[in-house]
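Architecture at a glance
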Amino acid sequence: MNLNTSFKLNQCKVQPPENIISNGDTKLTLQPKFIEVLAFLAQQYPNLVTREQIIEEIWDGNFYVGEKALTNAIWHLRKSLKSFDANIEFIETIRKTGYKLLIEPEY
């Protein structure tokens, strides 16, 4: 599976090539890096992904930029996904370690 493959998380359709998350008529356009993070977590499902793994994959190992950018990306992803379904937790933070996608992606 590559990071440009579209997938669903519950009722949310994630379209990495267009940087869009949608649910019926509602569409949100996100920054490309945010979508890349989500696609990488989906690709690694159900495994825990360390912050280092994500930074290596998405920011080419640039830890200076990656640390804050990753935190920002996860915050925006949570906010965006909650706008579609506030009752579902999509991404779990494993303190001091990394992140885990809680919803199985459907390709």
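The structure we're discussing is the one just above.
Computed from a predicted structure; not experimentally measured.

1. Considerations on the pairing of strand β2 (residues 12-15)
For strand β1 (residues 7-9) and β2, the ladder comprises 3 bridges, and the chain directions are antiparallel. Within β2, the residue paired with Lys 8 across the bridge is Lys 13. Between the antiparallel neighbours β1 and β2 lie 2 residues, among them Asn 10 with a positive phi of about 55°. By the bridge criterion, 3 bridges tie β2 to strand β3 (residues 20-23) in an arrangement that is antiparallel. Following the sheet pairing, Val 14 is matched in β3 by Ile 21.

2. Quick look at the pattern of salt bridges
Across all of its chains, the model carries 4 salt bridges by this definition. Residue Glu 67 is joined to Arg 51 by a salt bridge in which the shortest nitrogen-to-oxygen separation is 3.2 Å. Here Glu 67 is found in helix α3 (residues 63-84), whereas its partner Arg 51 is found in helix α2 (residues 51-58), with 16 residues between them in sequence. A residue is classified by how much of its surface remains accessible, and Glu 67, at 33% relative accessible area, is partly exposed. For Arg 51, a relative accessible area of 15% puts it in the buried group. A single network of salt bridges, built from pairs that share partners, joins Arg 78, Lys 82 and Glu 89.

Parameters at a glance
- Residues numbered from 1 in each chain as written.
- Predicted model: local features only at pLDDT ≥ 70, side-chain atom pairs only at ≥ 80, totals over all residues.
- Heavy atoms only, no water.
- Pairing = 2+ DSSP bridges.
- Helix = DSSP H or I, 4+ residues; strand = E, 2+ residues; numbered from the N terminus.
- Salt bridge = Lys/Arg side-chain N within 4 Å of Asp/Glu carboxyl O.
- Buried < 20%, exposed > 50% of the residue type's maximum accessible area, 1.4 Å probe, protein only.

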